[in-house]
Amino acid sequence: MFDTLQDRLTATFRTLRGKGRLSESDINEALREIRLALLEADVNLGVVKEFTAAVREKLTGAEISQALNPTQQIVKVVNEELTTILGGQTREVRFAKNPPTVIMLAGLQGSGKTTLAGKLGKWLKDNKHHPLLVAADLQRPNAVNQLQVVGERAGVAVFAPEPGNGVGDPVAVARASIEEATRKLYDVVVVDTAGRLGVDAELMQQAIDIRDAVHPDEILFVVDAMIGQDAVNTAQAFAQGVGFDGVVLSKLDGDARGGAALSIARVTGKPIMFASNGENLKDFDLFHPDRMASRILDMGDLLTLIEKAEKTFDADQAQKAAEKLMGKGQFGLDDFLSQMQAVRKMGPMSKILGMMPGMGQYKDQIGNIDEREIDRIEAIIYSMTPAERANPDILNGSRRTRIAKGSGTTVTEVNGLVNRFMETRKMMSQLGAMGGLGVPGMGRKGKQAPQAKKKSSKGVSGNPLKRAQQAAAAQAAPAASEQPKAVAHDEFGLPSSKAPGVNPFGFGGGASPGMDEFQLPPELAKLFDQKK
């Protein structure tokens, strides 16, 4: 939805690179491009004027950081102002001190209220609440049946005492739902009300009657983000007639311009509380203005990505896989498949990659990602035996042919998967052996002890002077080794028994002295040698 705005802003920032400082003309040109980008995105004219005025004031005032280059200065200021017009702070649901908390949904027909009621119910359930969905839209055909189907998919109870299709009193149903929730201990009640094709007196009066009957803690106005500025006008009419506490944006994943999302919070003065960005029930979460501003400026949304990973990945399983990659076990294709399936649970690969910083320039490549490739990889791995998954090294030609036939793929595709897996495993093992390069959970902790330099076996220096000194020392060493060692003698001229390694009597080579090992004095020994 914000692709066009993102491209225009990125192009504007690119023209400022390489400039040492911002001149008045640079600021004017950049603000002109930003203003045109916002207007092309269908942002409200009054909001655009306020936005550009605030950016100009900060860029020409004392808030410019001298440590940043011009591009970083403008990105920083634009990011702050985008966050401001989107609501500033994240607004969470205010739960009642005494349950049940009553949440009333209002909006035009076709804005996605009934589907959003199921998404909200699932979100509340995932956050440790016990919600009850109330079918108070008794006019639209099959609205009650739709809510029952959505509630069943979400695993949330639905209160539908009336069949709908024009039969029943929605105010009485809403009032009875509070008693039902109190009796069965539901802590949150979500009331799905009827919509119209346009704002009229009958719609307003019915919404006012339901509001007065259940006294909701939160009134959420559901807005279709694809209808442009008309969404802002409708929100203003509801605010004046019924009143609401927050806005929920539906169909945020559409390809229309996202001006309504950037305008509605500032025009109505009410925060955007939730955003629905997909058809699945799990594609729904709190709206974070700072994260949305980062996405628009192609700075990514790593916090949301981390939160999705924490909800999806099993910490123990991920730790075991990391240890196997570091060489403490054999990382097989079963581990690879489990990690890939965990990533897939986070959502489509295109959305996951879109949360990474700087991916705006690769939108075309990301959009062309074939999600069925993961299905083919799963088919190839499932066609292997447990032994082959645990040890892919045993995959010979005949085994790979059998796997290709069993998975409906070619041998080339099987070879490509196995080769990529081997290379990845080798690279990750090397990374773990190097200490993980600072990656948490990988490698050894602490600094590695410095290793002593190994001396060459020859010990020859490359310096000529040192080499000559080493040669002279090598020649002197044998001569010194041939000289007899000085042996200490006692006062009688005999070798001292305290001399280390010396037998004082010289016979037998033993260490302990004895009379049978008596040695003659050197003079007498010389006389005996002459007689021989």
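Residues numbered from 1 in each chain as written. Predicted model: local features only at pLDDT ≥ 70, side-chain atom pairs only at ≥ 80, totals over all residues. Heavy atoms only, no water.

1. Concerning the overall build of the chain
- Per the secondary structure count, the chain includes 22 helices and 8 strands.
- Surface summary for the chain: the accessible area is close to 29800 Å², and the carbon and sulfur share equals 53%. (Helix = DSSP H or I, 4+ residues; strand = E, 2+ residues; numbered from the N terminus. Areas by Shrake-Rupley, 256 points an atom, 1.4 Å probe, with all protein chains shown as cover.)

2. Description of the packing of aromatic side chains
- This model, assessed by the stated rule, comprises 5 aromatic pairs.
- Seen from their ring centres, Phe 221 and Phe 238 are 4.7 Å apart, and the 40° between their planes marks the pair as tilted. With a gap of 17 residues between them, Phe 221 in strand β5 (residues 218–224) and Phe 238 in helix α9 (residues 229–241) connect regions that are remote in the sequence.
- Classification of Phe 221 by relative accessible area gives buried; the value is 2%.
- Under the relative-accessibility criterion, Phe 238 is labelled buried at 3%.
- Through a chain of ring-to-ring contacts, the aromatic side chains of Trp 123, Phe 274 and Phe 284 assemble into a single cluster. (Phe/Tyr/Trp six-rings, centres within 6.5 Å; stacked < 30°, edge-to-face > 60°. Buried < 20%, exposed > 50% of the residue type's maximum accessible area, 1.4 Å probe, protein only.)

3. Details of helix α10 (residues 259–268)
- Most of α10 sits inside the fold, with 8 of its 10 residues counted as buried.
- Within the sequence span of α10, burial applies to Gly 259, Ala 260, Ala 261, Leu 262, Ser 263, Ile 264, Ala 265 and Thr 268.
- Looking one or two residues beyond α10, the residue adopting positive phi is Gly 269, at roughly 75°.

4. Describing the side chain of Asp 137
- Mapped onto the fold, Asp 137 is located in the loop between β2 (131–135) and α6 (143–154).
- In terms of polar contacts, Asp 137 uses its side chain to reach the backbone amide nitrogen of Gln 139, at 3.5 Å.
- Once you skip the residues sitting within four places of it in the chain, Asp 137 turns out to touch Ala 143, Val 144, Asp 192, Thr 193 and Ala 194. (Polar contact = N/O pair within 3.5 Å; in protein donor to acceptor, adjacent residues only side chain to side chain. Contact = heavy atoms within 4.5 Å.)

5. Details of the sheet that holds strand β7 (residues 272–276)
- On the basis of which strands lie adjacent, the open sheet formed by 8 strands has the order β3-β2-β4-β1-β5-β6-β7-β8 and mixed pairing. Looking at the sheet topology across the chains shown, the edges are occupied by β3 (157–159) and β8 (284–286). Adjacent strand axes in the sheet meet at a mean angle of 25° when their direction is disregarded.
- The pairing of β2 with β3 spans 3 bridges and is classified as parallel. Looking across to β3, one finds that Leu 133 is bridged to Val 158. (Pairing = 2+ DSSP bridges. Axes fitted to C-alpha atoms, helices over the stretch in contact; angles between N-to-C directions.)

6. Here's the deal with the pairing of β2
- Across the 5 residues of β2, 5 count as buried, placing the element largely inside the fold.
- Of the two faces of β2, the one holding Pro 131, Leu 133 and Ala 135 and the one holding Leu 132 and Val 134 are both buried throughout.
- Relative to strand β4 (residues 188–192), β2 runs parallel, the two sharing 5 bridges. Note on β4: the bridge partner recorded for Pro 131 is Val 188.
- Each parallel crossover has a hand, and the one from β2 via α6 to β3 is right-handed. (Right-handed = clockwise from strand over helix to strand, strands pointing away.)

7. Describing the packing of helix α5 (residues 113–126) against α6
- Packing of α5 against α6 brings their axes to within 9 Å, and their N-to-C directions diverge by 25°. Classed by the angle they form, the pair α5 and α6 counts as roughly parallel. When you trace α5 past α6, the crossing you get is right-handed. Where α5 abuts α6, its residues Thr 114, Thr 115, Ala 117, Gly 118, Lys 122 and Lys 125 lie against Ala 143, Gln 146, Leu 147, Val 150 and Ala 154.
- For the contact of α5 with α6, the per-class residue count stands at 5 nonpolar, 4 polar and 2 charged. (Parallel < 35°, antiparallel > 145°, perpendicular 65-115°, else oblique. Left-handed = near helix turned anticlockwise from the far one by under 90°. Nonpolar A, V, L, I, M, F, W, Y, C, P; charged D, E, K, R; others polar.)

8. Here's the deal with the pattern of salt bridges
- Here the structure, examined in full by the defined rule, presents 18 salt bridges.
- Residue Asp 137 is joined to Arg 140 by a salt bridge in which the shortest nitrogen-to-oxygen separation is 3.6 Å.
- Several salt bridges share partner residues, and in doing so they unite Lys 58, Lys 76, Glu 80 and Glu 81 into one network. (Salt bridge = Lys/Arg side-chain N within 4 Å of Asp/Glu carboxyl O.)

9. With respect to the environment of Arg 402
- Counting through the fold element by element, Arg 402 comes out in helix α19 (residues 397–407).
- When sequence neighbours within four positions are dropped, the list of residues in contact with Arg 402 reads Ser 383, Met 384, Thr 385 and Glu 388.

10. Comments concerning the side chain of Ser 407
- Tracing the backbone through its elements, the reader meets Ser 407 in helix α19.
- Among the polar contacts listed, one links the side chain of Ser 407 to the backbone oxygen of Ala 404, at a separation of 3.5 Å.
- In this view, Ser 407 contacts Ala 379, Ile 380 and Ser 383; residues no more than four positions away in its chain are not counted.

11. Some remarks on helix α8 (residues 201–214)
- For α8, built from 14 residues, the straight-helix expectation of 20 Å at 1.5 Å per residue is met to within 8% by its first-to-last C-alpha distance of 20 Å.
- Taken as a whole, α8 has its buried residues at Leu 203, Met 204, Gln 206, Ala 207, Ile 208, Ile 210, Ala 213 and Val 214.
- For α8, the secondary structure elements touched by its buried residues are β1 (101–107), α7 (170–184), β4 and α9.
- Remark: His 215 follows α8 within two positions and exhibits a positive phi of approximately 50°. (Expected span 1.5 Å × (residues − 1).)

12. Thoughts on the nonpolar core
- Counting 99 residues, the largest nonpolar core has Leu 120, Leu 262 and Phe 274 as the members making the most contacts within it.
- At 7 residues, the largest contribution of residues to this core is made by α8.
- In this structure Leu 262 touches Phe 2, Leu 5, Leu 38, Val 43, Val 47, Leu 82, Ile 85, Leu 86 and Ile 296, once residues within four positions along its chain are discounted.
- In this structure, Leu 333, Ala 404, Val 418 and Phe 421 belong to the second largest nonpolar core, which totals 16 residues. (Core = buried A, V, L, I, M, F, W, Y, C linked by side-chain atoms within 4.5 Å.)

13. Considering the confidence of the model for the chain
- Confidence along the chain averages 75 in pLDDT terms, with 72% of residues attaining 70 or more.
- Note on residues 452–457: pLDDT under 50 across the span, and 0 contacts to partners over four residues away in sequence or across chains.
- In the predicted structure, residues 497–517 sits below a pLDDT of 50 and forms 25 contacts with residues beyond four places in sequence or in another chain. (pLDDT = per-residue confidence, 0-100.)

14. Things to note about unusual backbone geometry
- Residue Pro 100 is reached from Pro 99 by a cis peptide bond, and omega for that bond is 5°.
- Considering the arrangement of structural elements, one finds Pro 100 in the loop between α4 (70–85) and β1.
- Of note, Asn 142 is a non-glycine position whose phi angle comes to about 65°, a positive value.
- Looking at the element boundaries, Asn 142 is found in the loop between β2 and α6.
- With a phi angle near 65°, Leu 185 is a residue other than glycine that sits in the positive phi range.
- Of note, Leu 185 is situated in the loop between α7 and β4.

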